[in-house]
Amino acid sequence: MSELFPFAPNWATPIVERLEWLTDVITAQSDEEERIPLRANPRKSLEMEFVVNEHDQRRMDALLWGWQTSEYDVPIWTDGQPLAAQLASGSTTLPCITEGYPLTAPGRVILWTDADTYEVVIYTAVNAGSLTVVATTDTWEAGTRFYPLETGRVLD
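Procedures and definitions
- Residues numbered from 1 in each chain as written.
- Predicted model: local features only at pLDDT ≥ 70, side-chain atom pairs only at ≥ 80, totals over all residues.
- Heavy atoms only, no water.
- Helix = DSSP H or I, 4+ residues; strand = E, 2+ residues; numbered from the N terminus.
- Salt bridge = Lys/Arg side-chain N within 4 Å of Asp/Glu carboxyl O.
- Buried < 20%, exposed > 50% of the residue type's maximum accessible area, 1.4 Å probe, protein only.
- Phe/Tyr/Trp six-rings, centres within 6.5 Å; stacked < 30°, edge-to-face > 60°.

Engineer: How do you make sense of unusual backbone geometry when you look at a structure like this?
Structural biologist: The general pattern is negative phi for most residues beyond glycine and trans for most peptide bonds. The omega angle of the peptide bond from Ala105 to Pro106 is -5 degrees, so this bond is cis rather than trans. Mapped onto the elements of the fold, Pro106 is located in the loop between strand S8 (93-95) and strand S9 (107-114). Unlike most non-glycine residues, Asp31 shows phi in positive territory, near 70 degrees. Tracing the backbone shows Asp31 in the loop between strand S3 (23-27) and strand S4 (33-37).

Right, here's the structure in full:
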């Protein structure tokens, strides 16, 4: 089980994304190399700063303290999109751009307004121009942003 980390980054500072591959390199006596990938996908790390109000600071401190060795659901803030139209409660289709985004089914996205107003939605299929989702609980206005979610840990 993981806990959502719903705090938006400070957009005045850059978000740094790093990708790490793990490869075993075997060198023969003839100096030829064989490279064997040890991970199917690269490890992704995100580095970002946060500016939060006093209320969110207390929530963030409690969340970090309580889940310090656990996994978090982290919105991929750089891959967010706005809703083009209102998304009604009970919707099973989320219209969006899918090409060029790291979306693989099954997966999760977060419909997000602020750290107190959000909904995590599971998607079961990635289509051209939409995601097939498990029915949404709330109604979301046009312009509400949604972000893919990935599971992560806090390093320091």
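Engineer: How should I be thinking about the pattern of salt bridges in this particular structure?
Structural biologist: When their charged atoms lie close together, side chains carrying opposite charge are able to pair. In this structure the tally under the stated criterion is nine salt bridges. As a salt-bridge pair, Glu47 and Arg18 come within 3.0 Å of each other at their nearest N and O atoms. Taken together, the residues Glu47 in strand S5 (residues 43-47) and Arg18 in strand S2 (residues 16-20) connect sequence positions 29 residues apart. The exposure class of Arg18 is partly exposed, given its relative accessible area of 43%.

Engineer: Please explain the packing of aromatic side chains as it appears in this structure.
Structural biologist: Tallied over the full model, the rule gives six aromatic pairs. With 5.5 Å between their ring centres and 65 degrees between their planes, Phe5 and Phe50 make a pair best called edge-to-face. Highlighted residues: Phe5 in the loop between strand S1 (3-4) and S2 and Phe50 in the loop between S5 and helix H1 (54-66), separated in sequence by 45 residues. A residue is classified by how much of its surface remains accessible, and Phe50, at 29% relative accessible area, is partly exposed. One aromatic cluster is present, built from ring pairs that chain together Phe5, Phe7, Phe50 and Tyr72.

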